[in-house]
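One letter stands for each residue in the lines below.
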Amino acid sequence: MTPFFFGESKNQLYGVLHPMQAGVKKPAAIVLCNPFGQEYMRSHRAYRQLAIMLSKQGYDVLRFDYRGTGDSALNLDQVNAHDWIDDIGVAIDEVKDIANVEQVNLIGLRLGGLLAASACTQREDIKSLILWDSFVSGKQYITELESQIEGEGLLSVNGELNSNYKNKSGIINFNGFSLSSDLQKSMKILNLMKMKFSGKKSIFNIISHEEAISFSFIEYMKEKNNFQSELIDAPHDWNYVDKYGGILLPQPIIQGIVNRLG
Amino acid sequence: MKERAVRVGRPSPLIGVVCEPEIIDVQRPAVLIFNSGVMHHIGSCRLSVKLARSFSDIGILSVRFDFSGIGDSNTRRGNGSFSKTAPLEAKEIMDYLQAKRGIKKFVLYGLCSGADAAYETALIDERVVAYSQIDAYCYKTPRFHYQYYKAKAFKIRCWVNLCKRLMTKVSSIKSYFVPKEDQKENEYLEPVSYIRSFPPKEDLRVGLSELVSRGVFMNIIFTGSEDDYGYADQYRESFKKVKFESYLDLHYFDKSTHIITHPDHQLKVVKTITDWLSYVVSQLENER
């Protein structure tokens, strides 16, 4: 496993490469696209485990941080969703060079799914896209955040200053991460049901709980013969916050993805 | 500022990121930024990254890294507990920086379990000249007890909760109320590898006295989430026999959560620790 910085020297991205470990090298590499905020923190271990398991199947796998997140350059108030889609493109180019392959599979969890799908529509070198509990639209994500902070007072029941709120400038602060108005606006434009995927890419939609199933999205995509959807019952509370930074490891889905690509 | 990914040690290296200022002065200390709980090296709410870059702005090199078994660092063989292995791994990082960069003095930073590791490391390595902790070990004082029970005495809800707790102990009702979905969630949670256990207060008094006599600077911030901490000077009052004098820089952010989720508190924490670090560096330079 190799940590490294890549991309433009002034706006470097941090990534971790998991080179193939065993068996026959697969003809396509994999890029993992992160969710946002506390979801990213809580899924870090799951993504690492997924990368390790996929590398044992013969894949070169790259995990990376978008600009303004993780170890990558810049702060959150300096970036928007379009920058993140560009970053996915940079990560794809990087792993293709390192692994010496012509194609890449993208895997995206939650907002990462939406971003990966957007990147997918802009490129011809994506072999498959795996959406893991992806939002159907950025608007859905912002609405979900706003509904969770609605009605919250200035102080929590413990007397602490409430960290989940929307300020007068429209910035949403949620579990320690701030979404600027620009970032929110750029997220709201993204919509899986308005994206055009070429017939050659296969798209696999994994959902961890029935409540998350978007039947309209599945109906929309079902007509395309490269689309499949599967419910794999697994924990999905990515936004839970505790004192330790509790890590969620939904093994059934991790194994389901490995089986799918293996 | 420049950041580099590093792998330290073999055969199972510790993964980290070195954040370098424009000009590196090897006479200045470097900062080691420890993990908090099981969160990887960017820290709670990316706090470790913000701190590292703030330190770089004042000319201080830092490394944020993952202890073995946390974040991107693999587990290492051996059955040592975190409290035993963390200081040894911190020493590895210090040895690495000393060998590669010629830096011989170090400042440690940690939140929660990281705070514990900072204290334990300082005790065993004299290269540590200072440390910064968020929610360090703390102990109740008579004033804490007075404030705590006074606040609760007139709240009916507290008496109701007390009765419920007493009833729960008698009838074990509580175990029936764990929802089935919560049990399933627990099955897929990575278990915390370190359970915080405060040492006996006298042990800490001895340790702190030793560190103060060595001239180690301490910056300690307590948050409102620390249940056993109730007022600004509690730490100093807990250890009246320790002659902290100007070596202790103590703060109480009573409205802050343990993992510093509010953006204003994040800014305040970064500024407080960076200002303190500037002070430490100037003191060390005066001593030279």
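Fair warning: this is a prediction, and the values are worked out from it, not measured in the lab.

Turning our attention to the overall build of chain B. Helix and strand content of chain B: nine helices and eight strands. Within chain B, buried positions represent 42% of all 288 residues. In chain B, once contacts between residues fewer than 6 apart in sequence are set aside, the share between residues at least 24 apart is 72%.

Along the backbone of chain A there are seven helices and 11 strands. Its C-alpha atoms give chain A a radius of gyration of 18 Å, within 12% of the compact-globule value 18 Å for 262 residues. By principal-axis analysis of the C-alpha atoms, chain A measures approximately 55 × 45 × 30 Å.

All names here are of chain B. Pairing in this open sheet of eight strands is mixed, and the strands run S1-S2-S4-S3-S5-S6-S7-S8 from one edge to the other. Unpaired on one side and paired on the other, strand S1 (2-8) and strand S8 (248-253) mark the two borders of the sheet. Adjacent strand axes in the sheet meet at a mean angle of 15°, parallel and antiparallel pairs treated alike. As paired elements, strand S7 (residues 217-223) and S8 share six bridges and run parallel to each other. In the strand pairing of S8, Thr-223 is matched with Phe-253. Sitting on the sheet, helix H2 (residues 82-101) is in contact with S1, strand S2 (14-20), strand S3 (30-33), strand S4 (62-65) and strand S5 (106-111), with an inclination near 150° to S3. Along the sheet, helix H9 (residues 263-287) contacts S5, strand S6 (128-134), S7 and S8; its crossing angle with S7, the most-contacted strand, is approximately 170°.

Now for the sheet that holds strand S8 (residues 172-174) of chain A. One key point about sheets: their strands pair by backbone hydrogen bonds, in either a parallel or an antiparallel sense. All names here are of chain A. Taking strand neighbours across the sheet as the criterion, the three strands line up as S7-S8-S9 in an open arrangement whose pairing is antiparallel. Of all the strands in the sheet, the pair left with one neighbour each is strand S7 (165-166) and strand S9 (177-179). Where S7 meets S8, two bridges bridge the pair, whose relative direction is antiparallel. If you follow Lys-166 over to S8, its bridge partner there is Ile-172.

Attention shifts here to the domain arrangement of chain B. Residues and elements named next belong to chain B. Taken domain by domain, chain B comprises domain 1 (2-141 + 194-287) and domain 2 (142-187). The interface is formed by six residues belonging to domain 1 together with six residues belonging to domain 2. Per-class residue counts for the side of domain 1 that touches domain 2 are one nonpolar, three polar and two charged.

Residues and elements named next belong to chain A. Turning to its location among the elements, Ala-46 is positioned in helix H1 (residues 38-55). Judged by local crowding, Ala-46 falls into the buried class, with 22 C-beta atoms found within 10 Å. C-alpha separation for the pair Ala-46 and Leu-249, spaced 203 residues apart in sequence, amounts to 5.2 Å. Leave out the neighbours within four places in its chain, and Ala-46 touches Leu-248, Leu-249, Pro-250 and Ile-254.

Take unusual backbone geometry next. Cis rather than trans, the peptide bond between Arg-10 of chain B and Pro-11 of chain B has omega equal to -5°. Assignment of secondary structure puts Pro-11 of chain B in the loop between S1 and S2. Unusually for a residue other than glycine, Leu-74 of chain A sits at a positive phi of about 70°. For Leu-74 of chain A, the location among the structural elements is in the loop between strand S4 (61-64) and helix H2 (81-99). A positive phi angle, close to 50°, is found at Glu-245 of chain B, a residue other than glycine. Relative to the elements of secondary structure, Glu-245 of chain B occurs in the loop between helix H8 (234-238) and S8.

Let us now look at the nonpolar core. Ranked by size, the top nonpolar core spans 150 residues in total, and within it Val-31, Ile-88, Leu-106 and Leu-115 of chain A together with Leu-32 and Leu-108 of chain B carry the most contacts. Filtering out sequence-adjacent residues up to four positions away, Leu-108 of chain B remains in contact with Leu-32, Phe-34, Ala-90, Ala-118, Thr-121, Ala-122, Val-128 and Tyr-131 of chain B.

Looking now at helix H1 (residues 47-57) of chain B. Residue and element names in this part refer to chain B. Among all positions of H1, only Leu-47, Ser-48, Val-49, Leu-51, Ala-52, Ser-54 and Phe-55 are buried. Residues of H1 that are buried make contact with S2, S3, S4, S5 and H9. Taken from the residues just after H1, Gly-59 is the one with a positive phi, measuring 85°.

Contact with chain A, which involves 34 residues of that partner, is made by 32 residues of chain B. When residues of the side of chain A that touches chain B are traced back to their parent elements, those giving at least two are strand S1 (2-6), strand S2 (13-18), H1 and S9 of chain A. Among the elements that make up the side of chain A that touches chain B, the one with the highest residue count is H1 of chain A (four residues). In the side of chain A that touches chain B, the residues fall into 17 nonpolar, 11 polar and six charged.

Let us now look at the packing of H2 of chain B against helix H3 (residues 113-124) of chain B. All names here are of chain B. Here H2 crosses H3 at 65°, and the two axes come no closer than 9 Å. Like other packed secondary-structure pairs, H2 and H3 cross with a definite hand, here right-handed. Packed against H2, whose contacting residues are Phe-82, Ser-83, Ala-86, Pro-87 and Ala-90, the element H3 presents Ser-113, Asp-116, Ala-117, Glu-120, Thr-121 and Ile-124 at the interface. Of the residues that constitute the contact of H2 with H3, the class distribution is six nonpolar, three polar and two charged.

So, how was this worked out
Residues numbered from 1 in each chain as written. Chains lettered and ligands numbered in written order. Predicted model: local features only at pLDDT ≥ 70, side-chain atom pairs only at ≥ 80, totals over all residues. Helix = DSSP H or I, 4+ residues; strand = E, 2+ residues; numbered from the N terminus. Buried ≥ 20, exposed ≤ 12 C-beta atoms within 10 Å, placed from the backbone. Contact = placed C-beta atoms within 7 Å. Rg over C-alpha atoms; globule rule 2.2 N^0.38 Å. Pairing = 2+ DSSP bridges. Axes fitted to C-alpha atoms, helices over the stretch in contact; angles between N-to-C directions. Domains from an automatic or database assignment. Nonpolar A, V, L, I, M, F, W, Y, C, P; charged D, E, K, R; others polar. Core = buried A, V, L, I, M, F, W, Y, C linked by C-beta atoms within 7 Å. Left-handed = near helix turned anticlockwise from the far one by under 90°.

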